[in-house]
Amino acid sequence: MLEIHQKTDFVGYEDKIARIDAEFPAVIESFSDGKVDGYCIFSIEGDEVCIYDTGYGNDIALCDGLVRSALFKASMMGIDKARFFTDDENIKKLRLCDENGVLGSIQDIMGGCANCHK
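Residues numbered from 1 in each chain as written. Predicted model: local features only at pLDDT ≥ 70, side-chain atom pairs only at ≥ 80, totals over all residues. Heavy atoms only, no water.

### As for the pairing of strand β3 (residues 35–45)
(1) Moving on: Bridge analysis of strand β2 (residues 25–32) against β3 gives 8 bridges, and the strand direction is antiparallel. Each residue of the ladder has a partner; that of Ser 32, found in β3, is Lys 35.
(2) Moving on: Where β3 folds back onto strand β4 (residues 48–55) in an antiparallel hairpin, the turn is made up of 2 residues, including Gly 46, whose phi is positive at roughly 65 degrees. (Pairing = 2+ DSSP bridges. Helix = DSSP H or I, 4+ residues; strand = E, 2+ residues; numbered from the N terminus.)

### Quick word on the packing of aromatic side chains
(1) Moving on: Under the definition given, this model contains 2 aromatic pairs.
(2) Moving on: With a centroid separation of 5.4 Å and an interplanar angle of 15 degrees, the aromatic rings of Tyr 52 and Phe 85 are classed as stacked. One end of the pair, Tyr 52, is in strand β4; the other, Phe 85, is in the loop between β5 (81–84) and α3 (89–93), with 33 residues separating them in the sequence.
(3) Moving on: Overall, the relative accessible area of 11% leaves Tyr 52 in the buried class.
(4) Moving on: Classification of Phe 85 as partly exposed rests on a relative accessible area of 45%. (Phe/Tyr/Trp six-rings, centres within 6.5 Å; stacked < 30°, edge-to-face > 60°. Buried < 20%, exposed > 50% of the residue type's maximum accessible area, 1.4 Å probe, protein only.)

### Observations regarding the nonpolar core
(1) Moving on: Residues Val 49 and Phe 84 are the most contacted members of the largest nonpolar core, which totals 23 residues.
(2) Moving on: Broken down by secondary-structure element, the contributors of at least two residues to this core are β2, β3, β4, α2 (60–76) and β5.
(3) Moving on: Per-element tally for this core: the top contributor is α2, with 7 residues. (Core = buried A, V, L, I, M, F, W, Y, C linked by side-chain atoms within 4.5 Å.)

### Focus on the side chain of Asp 64
(1) Moving on: Tracing the chain through its elements places Asp 64 in helix α2.
(2) Moving on: Among the polar contacts made by the side chain of Asp 64, one reaches the side chain of Arg 68 at a distance of 2.9 Å.
(3) Moving on: For Asp 64, the contacting residues outside a window of four places in its chain are Leu 94 and Leu 96. (Polar contact = N/O pair within 3.5 Å; in protein donor to acceptor, adjacent residues only side chain to side chain. Contact = heavy atoms within 4.5 Å.)

### Considering the state of the cysteines
(1) Moving on: Enumeration over the complete set of coordinates arrives at 0 disulfides.
(2) Moving on: Considering cysteine sulfurs only, Cys 40 is the nearest to Cys 50, which forms no disulfide, with 11 Å between them.
(3) Moving on: Sulfur of Cys 97: no disulfide; nearest cysteine sulfur belongs to Cys 63 and is 10.0 Å away.
(4) Moving on: Residue class for Cys 97 comes out buried when judged on its relative accessible area of 12%. (Disulfide = S-S within 2.5 Å.)

As far as function goes, none of this settles anything; it's purely spatial.
Below, the structure is given as structure tokens:
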């Protein structure tokens, strides 16, 4: 069973965190059978969530789940915009951003989660 959790430290991600310009970076990891099989590095910057890096092997569904988890966390904080600082073409294939790496409305792609805010 897949689980996604936010890390409380950056152990194992120090090099990746050092390469980004974020005041308060965060890392979420996905686990399958007790082992880490994916991650997403993001931060909340002003009125948007910034996605910096993802790792998910070749599993595009895992990529979708990790990014949407970060987007959902932001939406729960009242943030509705996202900016992607990654060249990962799968993120564009999944229509999570436009050609400029911008998602104008998280709510537009999270419509199925509307009841989560209640």
